[in-house]
Amino acid sequence: MKARRFRSNATSPGIAIGTAYHLQSQGAAFVRYWIGNSDVKEEIDRLKNSLQKSKEQLDQISAKMCRFQGHDQIKIIESHRMFLQDDMLVSTTIQHIQESKINAEWALDKTLAHLKLSFLNVDEEYFRERQQDIDYVGRRIMDNLMGTPALSLSDLPKGEMILIVHDLSPAEVANLPKDRVKGFIMEGGGETSHTAIISRALEIPAVFSLKGIFDSITDGETIILDGMKGLIVASPTKKEKEQYITVQENYAALERILMQDIHLPAETKDGYRISIEGNMELLEEIPSLIDHGAEGIGLYRTEYLFLDRLDEPTEDEQFDNYTEVLERLSPKPVTIRTIDLGGDKMPLSHAYDLQTNPALGLRGIRLCLKERPLFKTQLRAILRASVHGHPRILIPMISSVDEIRTVKKIIGEIKEELTEQNIKFKSDIPLGIMIEVPSAVFLAPELAMEVDFFSIGTNDLIQYGLAIDRINEHVAEMYNPFHPAVLRMIKSTVDAAKKAGIKISLCGELAGDPLAITLMVGMELDSLSMNPVSIPKVKKVLRSITKVQTEKLTEYVLTLKTADDIVKYIKKQTKHILPGDIKKLHIVDGQI
Ligand code: PEP
Ligand code: MG
């Protein structure tokens, strides 16, 4: 096949070479086959089991929703449950199996198609919605029939492959077998989607937002994936492949060079210290955090404990998890962020999924304040674990003073409860909030009076400040952390924190961008928390600049009017500042 090139944005760095393998997303391809008379009963049993399993899942969702959702949503789930018992659905599918002698998936697909067709020409909103219900319930039954998850990661073939997918959830990426999956290409997603974040954390090279890629590549083709440039080469020429093998070796060499300095202090040439910490989602990331020289954990996204499962982790399960993180990191600090479910991190139950606009809906602290038992269980687990290390508590998505005051009241109540029960906890755990919603930027002076530290979440601050969905590939190009409005929001938050005398950190993906380090030092952030793999590069740049240089640069950048001008200026100035050996590595260009 002829060599073809596809370009997008850089998503998860690294070079991967492997064979293309398409992985179907939820509800997609299933195998159609004829069955013999003796298999009919087995196929009907499989269908019945999957209907029963779907019913149990919907029961669980419905029970959860009763606690905090309105009646309308419960009614929808109820109707889905009823649909599972619908005679048309069940007996027609069984009839297809018996009469046409086809497997259960095929029979189900035929029934669903027929049901949808019957609504097709009815020009009424109600019936169009019923079609969606059929899709939704049908997909659930089909997934259960095929053995959820629909993405059969366990069935991947042998050999080193590059996966081509429509979409993967963060939990699915976390489950990828890294020995075989060398990288993946996705049609959807954005650079700061949680799927992208987890790919970087697990060091799996990836390129996102490549519309149409699924049908442009054939299974078995050789693929070169360049995660730094956001470039895909399908069926490369022999020469191209050889060149890329050299690039891959250079990349590995660069990593080794950067790793040599990892234990040197994170300070500028003139001795300005900034703490470099790591972001984590899963316990498996701890060795990488330690190896890359993180001075602590600046962001532990605990919601990952809640993903990819139907039940909620118990207080004891959470206690064990937090204790393990605190003990393994001790005496370094661990910033435990309370659950930020919602947005692009939905629990498998999809209980919170029914909002039309999840990013602006019940997410983060809003969900926790509605679901008090869920929140209290987590806080109790954190407080109980606190004696095992040096925790900080971080609250996501705060948008008003009332919210943080309520949180403080709840923490106070839990402390009283624990004292009464003679359970030990640390009484002086620093409490902080994420600054990731524009209202929090405006209220930063008032919010600073309530807490011990701020952590700026640029991933969401960009999303909410620039009105750009962080997981929408259609606007991915506009999502720019160097937008002057974003930099000014950061600056004004830092100023408010400094004035109030509280610590200020930044934990969005921007923290790990070597191009941003000069600005972060210039604005005098106390710490940066990033994907561990970014730490060596950021440290290298930090150790090559002076505080004085960054102040001048920052002052000028804050007067510029466009992101393009800002990026150009920083690139030019940083190149001018950086010593020759680093310039050769082009680390500020994201290239080798
Ligand atoms: C952020 O919004 O910048 C952040 C760090 O939090 P998350 O990416 O988990 O939303
Ligand atoms: Mg966020």
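Residues numbered from 1 in each chain as written. Chains lettered and ligands numbered in written order. Predicted model: local features only at pLDDT ≥ 70, side-chain atom pairs only at ≥ 80, totals over all residues. Heavy atoms only, no water.

**Details of the pattern of salt bridges**
Spelled out, the test is: Definition used for salt bridges: Asp or Glu carboxyl oxygen within 4 Å of a side-chain nitrogen of Lys or Arg.
On inspection of all chains with the given rule, the structure shows 29 salt bridges. Several salt bridges converge on common partners, so that one network encompasses Glu303, Arg337, Asp340, Arg363, Asp460 and Arg470.

**A look at the pairing of strand E13 (residues 431-435)**
Defined as follows: Think of it in three bands: residues with accessible area under 20% of the maximum for their type are buried, residues over 50% are exposed, and the middle band is partly exposed, with areas taken using a 1.4 Å probe on protein chains only. The way it works is that DSSP assigns letters per residue, a run of H or I at least four long becomes a helix, a run of E at least two long becomes a strand, and they are numbered from the N terminus. Here a crossover is taken to be right-handed if, once the strands point away from the viewer, the path from the first strand over the helix to the second is traced clockwise. Being paired, for any two strands, means DSSP has found at least two bridges between them.
Burial runs high along E13: 5 of the 5 residues are buried. Burial along E13 is two-sided: Leu431, Ile433 and Ile435 facing one way and Gly432 and Met434 facing the other are all buried. On the question of chirality, the crossover connecting strand E12 (residues 390-395) to the parallel E13 by way of helix H14 (residues 401-420) is right-handed. Across 4 bridges, E13 lies against strand E14 (residues 453-456) in parallel orientation. Following the sheet pairing, Gly432 is matched in E14 by Phe453.

**So, helix H17 (residues 458-466)**
Of all the 9 residues making up H17, 8 are buried; the element is thus mostly covered by neighbouring parts of the structure. By the burial criterion, the buried members of H17 are Thr458, Asn459, Asp460, Leu461, Ile462, Gln463, Tyr464 and Leu466. Positive phi appears at Ala467, one or two residues downstream of H17, with a value of about 55°.

**Describing the sheet that holds strand E4 (residues 161-165)**
For clarity, the cut-off: The contact criterion used throughout is that any non-hydrogen atoms of two residues lie within 4.5 Å. In this description, a line fitted to the C-alpha atoms serves as the axis of each element, helices being fitted only across the stretch in contact, and the angle between N-to-C directions of two axes falls anywhere from 0 to 180 degrees.
Across the sheet, 8 strands lie side by side as E1-E8-E7-E3-E4-E5-E6-E2; this open sheet has mixed pairing. Of all the strands in the sheet, the pair left with one neighbour each is strand E1 (4-7) and strand E2 (10-12). Packing against the sheet, helix H7 (residues 194-201) makes contact with E2, strand E5 (181-186) and strand E6 (206-207), and its axis sits at approximately 60° to E2. Taken strand by strand, helix H9 (residues 238-260) contacts E1, strand E3 (15-23), strand E7 (222-226) and strand E8 (231-234), and its axis lies near 115° from that of E3.

**A closer look at the coordination of the magnesium ion (ligand 2)**
Threshold: Note: metal donors comprise N, O and S atoms at 2.8 Å or less from the metal (3.2 Å for Na, K and Ca); water molecules are not included, so apparent gaps in a site are possible.
Donor atoms from the polypeptide that bind the magnesium ion (ligand 2) are Glu436 (OE) and Asp460 (OD), placed at 2.0 to 2.1 Å. Of this pair, Glu436 sits in the loop between E13 and helix H15 (438-442) while Asp460 is found in helix H17, placing the two residues 24 residues apart along the sequence. A residue is classified by how much of its surface remains accessible, and Asp460, at 3% relative accessible area, is buried.

**Some remarks on the site of ligand 1**
Threshold: Any residue with a non-hydrogen atom lying within 4 Å of a molecule or strand is treated as near it. In the analysis that follows, any N or O atom pair within 3.5 Å is treated as a polar contact, provided that within protein one partner can donate a hydrogen and the other can accept it, and provided that, for residues neighboring in sequence, both atoms belong to side chains. The protein chains shown are the only cover counted for residues, whose accessible areas, like all others here, come from Shrake-Rupley with a 1.4 Å probe.
Surrounding ligand 1, one finds 17 residues, the nearest of these being Arg301, Arg337, Asn459, Asp460 and Arg470. Measuring from an oxygen atom of ligand 1, one finds a side-chain N or O atom of Arg363 at 3.3 Å. Notes on ligand 1: free accessible area 280 Å², of which the protein chains cover 100%. Going through the elements one at a time, H7, strand E10 (297-301) and H17 are the ones with two or more residues in the shell around ligand 1.

**Brief notes about the sheet that holds strand E9 (residues 275-280)**
As a general point, the strands of a sheet are linked pairwise by backbone hydrogen bonds and lie either parallel or antiparallel. Pairing is parallel in the closed barrel, where 8 strands are placed in the order E9-E10-E11-E12-E13-E14-E15-E16. Within this sheet the neighbouring strands show an average axis-to-axis angle of 25°, counted without direction. Pairing between E10 and strand E11 (residues 333-337): 3 bridges, direction parallel. Along E11, the bridge assignment pairs Tyr300 with Ile336.

**Overview of the packing of aromatic side chains**
Heads up, the condition is: Note on ring pairs: Phe, Tyr and Trp rings are taken, using the six-membered ring of Trp, and paired if centres are within 6.5 Å. Classes follow the plane angle, with under 30 degrees stacked, over 60 edge-to-face and the rest tilted. Lysine NZ or arginine CZ positioned within 6 Å of the ring centre and within 35 degrees of the ring normal marks a charge as sitting over the ring.
Across all of its chains, the model carries 4 aromatic pairs by this definition. Look at Tyr556 and Tyr569: their rings are 4.6 Å apart centre to centre, the planes differ by 55°, and that puts the pair in the tilted class. Remark: Tyr569 occurs in helix H22 (residues 563-577) and Tyr556 occurs in helix H21 (residues 547-557); sequence separation between them is 13 residues. Of the residues examined, Tyr556 reaches a relative accessible area of 42% and is grouped as partly exposed. A cation over a ring is seen here: Arg384 above Phe319, with NZ or CZ 4.3 Å from the ring centre. It is Lys547 that lies over the ring of Tyr272; its NZ or CZ is 4.9 Å from the centre.

**Examining the environment of Met397**
For Met397, the location among the structural elements is in the loop between E12 and H14. Under the relative-accessibility criterion, Met397 is labelled buried at 1%. Sequence-wise, Met397 and Arg363 are 34 residues apart; in three dimensions their C-alpha atoms are separated by 7.5 Å.

**As for the confidence of the model for the protein chain**
We count it as follows: Confidence scores labelled pLDDT are given residue by residue by the predictor and lie between 0 and 100.
Here the protein chain averages 86 in pLDDT, and 86% of its residues register 70 or above. Contacts for the low-pLDDT stretch residues 583-592, under 50 throughout, to residues beyond four places or in other chains number 28 contacts.

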